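Each chain is listed here by its residues.
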Amino acid sequence: MKVLLIRRASESLRTAVRLKEAGFETEVFSLFEKRGIAHQPRLTEPDFLVFTSAAGAESFSLGSIEVNWDIPVYSVGPRTSEALVEIGYKNIRQGDGDAQQLAQRIIAEQSANMGKGIHVCGEDRAFDLTAALKVHSIELELCVAYRIEAIVPDRTAFEYCMNSLKDGFVFLYSPASARHFSKLIGMLDLTDKSRLLSVVAISEKTSLAASNGLVKNIYLAENPNEQAMIDKLIEVSGRNGRIV
């Protein structure tokens, strides 16, 4: 049984290793690429940093600001934490997988100090972290460091990929990825191929964005993280999944 991975190649290859360990084959066909955006934080002495994606960690530069490797750095999940460790940050405080949960940890640790931080992120954000922290007198400067751009692939190559999947699965990590995948299926006239596939969606919003009759089944991960997606795949491959 194969799983189609459509995120950036660097992300998909890491996921492929995890899926192989769980006993699944993968097909990597990247439909997205990252573009860095020039940025320079206004806040020169932040009390903390926030990263809600590994892509943000990879793209962020403090520019002329002296790097403090011991500053509290809030990470949305394990992959982002790994990227931050690779960069050199030491005081990493990991959340449970999404920005809303991460906000609760920041509030618990920074509200008494009314801290000021920098949130490094991409152009598309599912949760307004700045507004959530402002209620608790925590100032958060938004620093948009990258954008994720969709790719329109060669039809022949993408059709060949779809043919190799048969009754496989596709992992969708965001509403944007679900919309782009669905759009391509229609644009490239590959509905007959996609209807043989099932989706594992990271969140309810993602599952709703994919719910357009173009796939066989849509399964929702119990929690908004990759491990929960893999757990759901293991479950549904035994025909015990919860369809949304």
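This is a predicted model, so every value here is computed, not measured.

Draft legend 1. Seen up close, the pairing of strand S2 (residues 25–28). Note: strand S1 (residues 2–5) against S2, four bridges, orientation parallel. Bridged to Leu 4 within S2 is Glu 27. Each parallel crossover has a hand, and the one from S1 via helix H1 (residues 9–21) to S2 is right-handed.

Draft legend 2. Spotlight on the sheet that holds strand S5 (residues 73–75). Reading across from one edge, S3-S8-S7-S4-S5-S6 is the order of the six strands in this open sheet, with mixed pairing throughout. Bordering the open sheet on either side are strand S3 (32–36) and strand S6 (92–94), each of which pairs with just one other strand. Taking each pair of neighbouring strands and ignoring which way they run, the sheet shows an average axis angle of 25 degrees. Of the strand pairs in this sheet, strand S7 (residues 116–122) and strand S8 (residues 139–150) are connected by seven bridges, and their pairing is parallel. Opposite Lys 116, over in S8, you have Glu 139 as the bridge partner. Across the sheet, helix H4 (residues 99–110) is in contact with strand S4 (48–51), S5 and S6; its angle to S5 comes to roughly 155 degrees.

Draft legend 3. Layout of the side chain of Ser 81. Summarising the element assignment, Ser 81 is placed in helix H3 (residues 78–87). Assessed through its relative accessible area of 8%, Ser 81 is described here as buried. Once residues lying within four places of it in the same chain are set aside, the contact partners of Ser 81 are Ser 75, Ile 92 and Gln 94.

Draft legend 4. Summary view of the confidence of the model for the chain. Here the chain shows a mean pLDDT of 91. Residues at 70 or above account for 96%. When pLDDT is averaged over each element of the chain, strand S9 (residues 169–172) comes out on top at 98 and helix H2 (residues 54–59) at the bottom at 90. The model gives residues 239–244 a pLDDT under 50, and that stretch makes 17 contacts with residues more than four places away or in other chains.

Draft legend 5. Focus on the nonpolar core. In this structure, Leu 4, Ile 6, Leu 31, Phe 158, Met 162, Leu 172 and Phe 181 are the most contacted members of the largest nonpolar core, which totals 25 residues. Elements with a contribution of two residues or more to this core: helix H6 (155–165), S9, helix H7 (175–187), strand S10 (198–201) and helix H9 (204–210). Beyond its immediate sequence surroundings of up to four residues, Leu 4 is in contact with Glu 27, Phe 29, Cys 161, Met 162, Leu 165, Phe 169, Val 170, Phe 171 and Phe 181.

Draft legend 6. Looking closely at the packing of aromatic side chains. Considering all chains together, one arrives at seven aromatic pairs under this definition. Relative to Tyr 89, the ring of Phe 51 lies with its centre 6.2 Å away and its plane at 45 degrees, an arrangement referred to as tilted. Here Tyr 89 lies in the loop between H3 and S6 and Phe 51 lies in strand S4, a separation of 38 residues in the sequence. Tyr 89 matches Phe 51 in its accessibility class, with the two residues each being buried. Each member of the aromatic cluster is reached from another via a ring pair, and the members are Phe 51, Phe 60, Trp 69 and Tyr 89.

Thresholds applied
Residue numbering note: each chain is counted from 1, following its sequence as written. Where totals are concerned, whole chains, interfaces and linings use all residues; where local detail is concerned, this predicted model gives features only for residues with pLDDT of at least 70, and gives and counts side-chain atom pairs only at 80 or more. Note that water and hydrogens are dropped before the side-chain values are worked out from all heavy atoms of the structure. One bridge is not enough; two strands pair if DSSP finds at least two bridges between them. Numbering goes from the N terminus for both helices and strands, where a helix is a DSSP run of H or I of at least four residues and a strand is a run of E of at least two. Seen with the strands pointing away from the viewer, any crossover whose path from the first strand over the helix to the second strand runs clockwise is right-handed. A fitted line through C-alpha atoms serves as each axis, taken over the contacting stretch for helices, and the angle formed by two N-to-C directions is quoted from 0 to 180°. Throughout, a residue-residue contact means that at least one pair of heavy atoms, one from each residue, lies within 4.5 Å. Only protein chains enter the area calculation, which uses a 1.4 Å probe; residues under 20% of their type maximum are buried, those over 50% are exposed, and those in between are partly exposed. Confidence of the predictor in every single residue is expressed as pLDDT, which spans 0 to 100. Among the buried residues, those of types Ala, Val, Leu, Ile, Met, Phe, Trp, Tyr and Cys that are joined through side-chain atoms within 4.5 Å form a nonpolar core. Only the six-membered ring of Trp is used, alongside the rings of Phe and Tyr, when aromatic pairs are assigned; centres must lie within 6.5 Å, and planes under 30 degrees apart are stacked while those over 60 apart are edge-to-face, with the rest tilted.

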